[in-house]
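Next come the chains, spelled out residue by residue.
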Amino acid sequence: MGFFVDSKTKILFFHFYLSGERSAYNTKIKIKKENWDLKTQRPYTRRGEVGKQNRDITNTLNEYQRAFELLKSQYKEALTKKIVKQQFDKYFHNVKEPVLKKYYSEFYKEFLQEKTEMQSLTRHSVSKYVVLNRRIEEMEKSNNIKYSLTDFNNKFFVKFISYLRTDLDISDNTLSRYITAFKSFLNWCAKNDYDVNNDYKDVKIKERETSQIHLTDEDLVVLEEVKLSKFLDYYRDLFLIGVYSGQRFSDYHRFNKKYRQGDFLIIRAKKTSEFSYIPLTNKLLNLLDKYDWVFPKISGQKFNPHVQKICKIAGFDEIIQIDKFYGNKKVSKDVPKWKLIASHTARRTFITLSEQKNVPISMIMQTTGIKSLKTLRNYIKFDKDKLFEAISEAWD
């Protein structure tokens, strides 16, 4: 934070940092080079009329610093250069308040713009918020209305949830994520002192346990030994790298020698920015060396169909019942196991099998970069055979 004089225009600019990025605000104050002290970043002390002008400038610059510190204290991490400019314009240059926003879409645009400027959203999160906005716009069009923030009352949420469930066939787990994102937006509105209807705070959608599966030790042996074409062999190996490392596909398909530190791979997750400390076990190291640690870029969408084809060849034909909930309505479907296996199954397999092999939870979390015990528990799936064996041993 400081003041600098533009060499051409002689105008003073206030430089400040937010999230490591430098921004500049034009104070519209002019000062001659001979009156500016580079060390103190204030005008020199002079006598006479020039001295009075310099003292006035110094007092104004001090006000800029105090105002900026006040904004930082008030907004904390939510402070953006846009907010700084708006508040400085209003306070120092008597700029009139902008026309007040009226409709939801105006607030939502500001919300996304601020989140984007702060770089606080991943690409996946931005996509989620864009889709949410599209759904609300569909509701506006269907009801021939433009929503204001106070329109989001209990009546609205009943219609919105019904629309997503009935018209778009969205199950409760996905619906819960929509509602959570919407509530985040409304919380942001409330934090910024925009008038909102507080009914949204009581809206909740219960998430149901899903039929996400993992591979067993026996499955892994079959997968490791099944004969495949050279083309599919690569996809099998890449999937197994995910199993042996416990990482997300967005991370395990970009492993590189630069992340190696002795017996570990240390990598920062793309999704959460958390570090994972991955032991280079023999199985993992052998596969990485097989490809000289170089893996062609491939999207998860293209990767998953190949993994499912491999698992079908491997004979993972066990029928799994998939349940989806739409309020009090349950829709069940029988699906062969291979159809449910995807890139993320590798991570779930690592976590589940590690827990079954009595690896301490803290070490599983350190390896996977998961910080929340609740999150980790969502990954751990029980093995029916091991469950039967344990209970039988205790009771038979």
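Residues numbered from 1 in each chain as written. Predicted model: local features only at pLDDT ≥ 70, side-chain atom pairs only at ≥ 80, totals over all residues. Heavy atoms only, no water.

Undergrad: What should I look at first to understand the sheet that holds strand β1 (residues 2-5) in this one?
TA: Sheet strands pair via backbone hydrogen bonds, and the direction of the pair is either parallel or antiparallel. Spatial ordering of the open sheet is given by β1-β2-β3, a layout of three strands whose pairing is antiparallel. Whereas interior strands pair on both sides, the edge strands pair on one side only; in this sheet they are β1 and β3 (21-30). Pairwise comparison of adjacent strand axes, ignoring direction, gives a mean angle of 30° for this sheet. Of the pairings in the sheet, the one linking β1 to strand β2 (residues 11-18) comprises four bridges and is antiparallel in character. Looking across to β2, one finds that Phe3 is bridged to Phe14. (Pairing = 2+ DSSP bridges. Helix = DSSP H or I, 4+ residues; strand = E, 2+ residues; numbered from the N terminus. Axes fitted to C-alpha atoms, helices over the stretch in contact; angles between N-to-C directions.)

Undergrad: Teacher, can you tell me more about the pairing of strand β7 (residues 264-268) here?
TA: Look at any regular strand and the pattern is simple: side chains alternate between the two faces of the sheet. Where strand β6 (residues 260-261) meets β7, two bridges bridge the pair, whose relative direction is antiparallel. Bridged to Gln261 within β7 is Phe264. Pairing of β7 with strand β8 (residues 275-279) involves five bridges; the strand directions are antiparallel. Within the sheet, the bridge partner assigned to Ile266 lies in β8 and is Tyr277.

Undergrad: Explain the sheet that holds β6 here, please?
TA: With antiparallel pairing, three strands are arranged side by side in an open sheet as β6-β7-β8. With partners counted over all chains shown, the strands left at the sheet margins are β6 and β8, one partner each.

Undergrad: Is there a simple way to think about empty space enclosed by the protein in this case?
TA: Using a probe with the size of a water molecule, rolled over the atoms, empty space left in the structure can be pinpointed. Scanning all chains against the criterion turns up one cavity of 30 Å³ or more. In this structure, the largest cavity spans a volume of roughly 40 Å³. For the largest cavity, the full set of lining residues is Thr80, Lys82, Ile83, Gln86, Glu110, Glu114 and Glu117. Looking at the lining of the largest cavity residue by residue, the class counts come to one nonpolar, two polar and four charged. (1 Å grid on protein atoms, 1.4 Å probe; cavity = no way out; pocket = protein on both sides within 12 Å on 5 of 7 lines; lining within 4 Å. Points joined across faces, edges and corners; volume = space filled by probe spheres on them. Nonpolar A, V, L, I, M, F, W, Y, C, P; charged D, E, K, R; others polar.)

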